[in-house]
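Examination of the molecular architecture
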Amino acid sequence: MDNLLHVPTSRLRREFEGLDFHPGHLPWARRVSEGDSDARQELAEAVRACHRLTVEPYWHGVRSELVALSTRYANLMLEGGIDLLLRSLCAPLVRWRPPVLEAPYPRRTEVRLQGRGLIITPRVFSTRAVSFLWDPLDTAQPPRLTVPALRGPLTGVGLVEPAGSSDQSLESLLGRTRAAALRVTAEGCTTTELARRLNVSAAAASQHATVLRNTDLITTSRRGGSVLHLITPLGLALLKTGTTTEP
């Protein structure tokens, strides 16, 4: 939403040129593309409302799938480098024929990376199995190859699940606050967000995160001026079952 509210008007205008609007919506769309703050705020609120209905109820399951897929990609990189990773991307839709990566596109075209790199983006809500996204007018930004992240349909469970025996087992194992901290990291959070969700001080939240990280239940990475905590596959397994088993 921050990106949407602060994107340059020139970029909005260029993107809106390729969209078809219902005649009754054209005046509003024109105001958005021209940078009208009220119209842009209306768009942001509409996107938030759409998110609450179509994304938020499924996000816990989405996060689990994304973590599992990123772990798989990391293991492929460790086992066989970038060559094995590219050969494993949604074959046969994506084909790696060094030094060319072939992917579906509406028309035949060739994109030379020229040192920009390629961003591989797992995505959940898509009408196409694979998409290649690039802006021919912006040669500084790397193109994106989007690949499916789901192995099966998701069931909307909301953000808070009913407490059960697994929740009680998890709290017995970790303690109530630390178990709650693990649940929060399933959505991804900064230390400040973790403290707010747990209703504890930032120092206490940082201590809980350190314990979870030292036991390989979460990972922590720096993003700008803050850190991002994300649950690991081990943490997800613990969250789902309320306990762990010896390997």
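Heads up: the structure comes first, above all this text.
The paragraphs below set out a description of the structure included in this document. Since this is a predicted model, take the numbers as computed values, not measurements.

Let's shift gears to the overall build of the protein chain. Within the protein chain one finds ten helices and seven strands. A buried classification covers 26% of the 247 residues belonging to the protein chain. Pairs at least 24 residues apart make up 55% of the contacts formed inside the protein chain by residues separated by at least 6 positions. For the protein chain, the accessible area works out to roughly 15,900 Å², and carbon and sulfur atoms hold 54% of it.

The subject of this paragraph is the packing of aromatic side chains. Using the criterion set out here, one finds two aromatic pairs in the structure. With a centroid separation of 5.5 Å and 25° between ring planes, the pair formed by Phe16 and Phe21 is classed as stacked. A centroid spacing of 6.2 Å and a plane angle of 75° characterise the contact between Tyr105 and Phe132, whose relative ring orientation is edge-to-face. Placement of Tyr105 in the loop between strand 2 (100-102) and strand 3 (119-123) and of Phe132 in strand 4 (residues 131-133) is noted, with a sequence separation of 27 residues between them.

Turning next to unusual backbone geometry. Cis peptide bonds are those with omega within 30 degrees of zero, and the linkage from Pro98 to Pro99 qualifies with 5°. Position of Pro99 among the secondary structure elements: in the loop between strand 1 (95-97) and strand 2. Phi is positive for Gln114, close to 50°, though the residue is something other than glycine. Phi angles above zero are rare outside glycine, and Asn199 is one such case at about 60°. Mapped onto the secondary structure, Asn199 falls in the loop between helix 8 (191-198) and helix 9 (202-214).

Attention now moves to the layout of surface pockets. Looking at the largest pocket, its volume works out to about 770 Å³. Along the walls of the largest pocket sit 21 residues, with Val100, Leu101, Glu102, Thr109 and Val111 positioned nearest its centre. At the level of secondary structure, the elements contributing two or more residues to the lining of the largest pocket comprise strand 1 and strand 2. Considering each element in turn, the lining of the largest pocket owes the most residues, three residues, to strand 2. Here the residues of the lining of the largest pocket are counted per class, giving 14 nonpolar, one polar and six charged.

One way to put it is that helix 7 (residues 176-185) packs onto helix 9 with a least axis distance of 10 Å and a crossing angle of 75°. In terms of their interaxial angle, helix 7 and helix 9 are classed as roughly perpendicular. Note on element contacts: helix 9 touches helix 7 through His208, Val211 and Leu212, opposite Thr177, Arg178, Ala181 and Leu182. A class-by-class count of the residues in the contact of helix 7 with helix 9 yields four nonpolar, two polar and one charged.

Turning next to the pairing of strand 5 (residues 144-148). Sheet topology note: the strand 3/strand 5 ladder contains five bridges and is parallel. From the neighbouring strand, Arg123 faces strand 5, where its bridge partner is Pro148. Inspection of the sheet shows strand 4 paired to strand 5 by three bridges, in the antiparallel sense. Residue pairing across strands places Phe132 opposite Leu145, the latter belonging to strand 5.

Take the pattern of salt bridges next. If you walk through the whole model with that rule in mind, you get nine salt bridges. For Glu15, the salt bridge is made with Arg11, and the minimal N-O distance between the two is 2.7 Å. With Glu15 and Arg11 both in helix 2 (residues 9-16), this residue pair falls four residues apart, about one helical turn. Residue Glu15 is classed as partly exposed on the basis of its relative accessible area of 43%. Taking relative accessible area as the criterion, Arg11 reaches 32% and is therefore assigned partly exposed. Asp36 is the salt-bridge partner of Arg31, the closest N and O atoms lying 3.3 Å from each other. What emerges from the salt-bridge pattern is a single network uniting Arg95, Arg97 and Glu102.

With that out of the way, let us pick up the side chain of Arg40. Along the chain, Arg40 falls in helix 4 (residues 37-54). Here Arg40 occupies a buried position and makes no salt bridge, while the nearest side chain of opposite charge, Asp36, is found at 8.3 Å. From its side chain, Arg40 meets the backbone oxygen of Leu5 in a polar contact 3.0 Å long. Residues in contact with Arg40, not counting those within four places in the same chain, are Leu4, Leu5, His6, Val7, Thr9, Leu12, Val32 and Gly35.

Rules behind the numbers
Residues numbered from 1 in each chain as written. Predicted model: local features only at pLDDT ≥ 70, side-chain atom pairs only at ≥ 80, totals over all residues. Heavy atoms only, no water. Helix = DSSP H or I, 4+ residues; strand = E, 2+ residues; numbered from the N terminus. Buried < 20%, exposed > 50% of the residue type's maximum accessible area, 1.4 Å probe, protein only. Contact = heavy atoms within 4.5 Å. Areas by Shrake-Rupley, 256 points an atom, 1.4 Å probe, with all protein chains shown as cover. Phe/Tyr/Trp six-rings, centres within 6.5 Å; stacked < 30°, edge-to-face > 60°. 1 Å grid on protein atoms, 1.4 Å probe; cavity = no way out; pocket = protein on both sides within 12 Å on 5 of 7 lines; lining within 4 Å. Points joined across faces, edges and corners; volume = space filled by probe spheres on them. Nonpolar A, V, L, I, M, F, W, Y, C, P; charged D, E, K, R; others polar. Axes fitted to C-alpha atoms, helices over the stretch in contact; angles between N-to-C directions. Parallel < 35°, antiparallel > 145°, perpendicular 65-115°, else oblique. Pairing = 2+ DSSP bridges. Salt bridge = Lys/Arg side-chain N within 4 Å of Asp/Glu carboxyl O. Lys, Arg positive; Asp, Glu negative; His and termini not counted. Polar contact = N/O pair within 3.5 Å; in protein donor to acceptor, adjacent residues only side chain to side chain.

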